[in-house]
Amino acid sequence: MRSKQAWGLGLASLASFMMALDSLVVTTALSTIRQDLTASIEALEWVVNAYSLALAVLLPTGAALGDRYGRRRMFAAGLAVFTLASAACALSPGIGALIVSRALQGAGAAMVLPLSLTLVSTLFPPQERGRAMGLYLGITGLATFSGPFVGGVIAEGLAWQWIFWVNLPIGLVAILLTALRVDESRGSGGRFDLGGVVLVSSGAFGVVWALVRGNAAGWGSAEVLGALLLGVALVVAFVLWERRAEAPMLPMRFFRLRAFATANPANFLVFASLYGTMFFLAQYFQTVHGDGPLVAGLRLMPWTATLMVCAPIAGRLADRVGERAFVVGGLLLQTLGMGWIALVAGPGTGYLELLPALIVGSAGLTMAMPAAQKAVVGAVRPQEIGQASGAFMTLRILGGVFGVAVAVAVFASTGGYASPEEFSTGFAAGMGAVTVLAFLGMLVALGMPGGRAAAVAAPPMTREREEVHE
């Protein structure tokens, strides 16, 4: 690995590390935040989804700004916004201020995450990209592995506000090293597709607002149905606009590529199942088992540790045998693991009864993630990777919002926080919902190209014929 590749991969992974650490420590501290700020389950959902909402809505804009004004410049600017917003989260006097600050964090992350994936994808040739993405996710796994423990230590030993203060030193170091070690690069489009950005951002906002508000306002309410219909209409308008735009931010011909058109929805459901599970696990251990934040974080570490082990291995093997087997197999494992938990979880269920299912499910998810990423970016030309990355990341985060919304809606319809028994009933139903999401993702992934279709770069004539026929 050359020096530029190593620095680029390291800094992209460091940025992803900071985002992953923030997500995991927040999840572990939800019960503490609920008690300290007297927050309802709807407010807790907003603490998680305000970040995801801003991130999903602004991701296409972040990717487009990077292509237009420079990926290094926008990557560093996003890190600065995220770092400052983290300080605002720590200083929040109430749940409303915390939710607003989390949305600002999401805005910063919307510039960082798609560009981190673009940096990795453009630095490595197709035959090495799977291994690089596996390492990228593996380094991120350090945060995922340590996040529950760090969140538990901070929430129990200090105060939940410190889960945001830890972002400051990481952010400052990442900004400095980015300026010193990363070369500037831009995408293929010379013009900024303002119309496309406005349409897709507004459409995504409408759809995500409906998903987040559905449980509180009612799925049949005028607010939710109106937001959903408006969001869908704007997304349709975006598609029509992009078909006619001189320099589209997302060329519609990408969806004629089978790998792009199937790996994206499969990964949407990967993250729907992951985030739906993640929202409730730490709360289950604290509410039903009576654990403190520290013990709950320790109990989650075997679940998160598999990311460090499985992601690099899966990425490397995907270079050899293709992506479909890993996405399908990974989602099958998540279906089996979460299905088992949905069946056995109860007030008297011991931790060791749940642990094998947690490990199996987590191993499955971390098999699917790098393979799906590789399939998407490998389906397009190198100069179009930024556009493909923006679409991939948008659908990934929307999947997380969707998964939390579905799991919370199912939980609220069957359980609550009044007693361990009531919470346990809702938790089991929520895990049943994420099981269904994983199974649907597996069915979608069966449509991905088999073999090494995206693992090896195709000659130009072959790729042209591939685009026509797919």
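Residues numbered from 1 in each chain as written. Predicted model: local features only at pLDDT ≥ 70, side-chain atom pairs only at ≥ 80, totals over all residues. Heavy atoms only, no water.

Q: Even after reading the chapter, I still don't get the nonpolar core, so can you show me in this structure?
A: Considering soluble globular proteins, one finds that nonpolar side chains tend to be buried as a cluster. Residues M19, F260, F280, V327, I341 and F427 are the most contacted members of the largest nonpolar core, which totals 140 residues. Broken down by element, the residue count for this core peaks at 18 residues, all from helix 11 (residues 258–287). With residues near it in sequence (within four places) discarded, I341 still touches L354, A357, L358, F427 and M431. (Core = buried A, V, L, I, M, F, W, Y, C linked by side-chain atoms within 4.5 Å. Buried < 20%, exposed > 50% of the residue type's maximum accessible area, 1.4 Å probe, protein only. Helix = DSSP H or I, 4+ residues; strand = E, 2+ residues; numbered from the N terminus. Contact = heavy atoms within 4.5 Å.)

Q: Whenever I open this one, the packing of aromatic side chains confuses me. Can you help?
A: Remark: the centre distance and the inter-plane angle together describe each pair of aromatic rings, the angle taken between the planes. Under the defined criterion, the tally for this structure stands at 16 aromatic pairs. Ring centres 4.2 Å apart and planes at 20° place the aromatic pair Y284 and F427 in the stacked group. With Y284 in helix 11 and F427 in helix 16 (residues 420–445), the pair connects residues that are 143 residues apart, well separated along the chain. You can call F427 buried: its relative accessible area is 1%. Among the aromatic residues, ring-to-ring pairing joins F279, F280, F411, Y417 and F423 into one connected group. In this structure, R299 packs its charged tip against the face of F285, placed 6.0 Å from the ring centre. Over the aromatic face of Y351 sits the side chain of R299, whose NZ or CZ is 4.7 Å from the ring centroid. (Phe/Tyr/Trp six-rings, centres within 6.5 Å; stacked < 30°, edge-to-face > 60°. Lys NZ or Arg CZ within 6 Å of the ring centre and 35° of its normal.)

Q: Looking at this model, I keep getting lost on the environment of A372. Mind explaining?
A: You can see A372 is positioned in helix 14 (residues 351–378). Residue class for A372 comes out buried when judged on its relative accessible area of 1%. Remark: the alpha-carbon pair of A372 and E323, spanning 49 residues in sequence, is separated by 6.6 Å. Contacts of A372, omitting those with residues within four sequence positions, involve A263, N267, V327 and F392.

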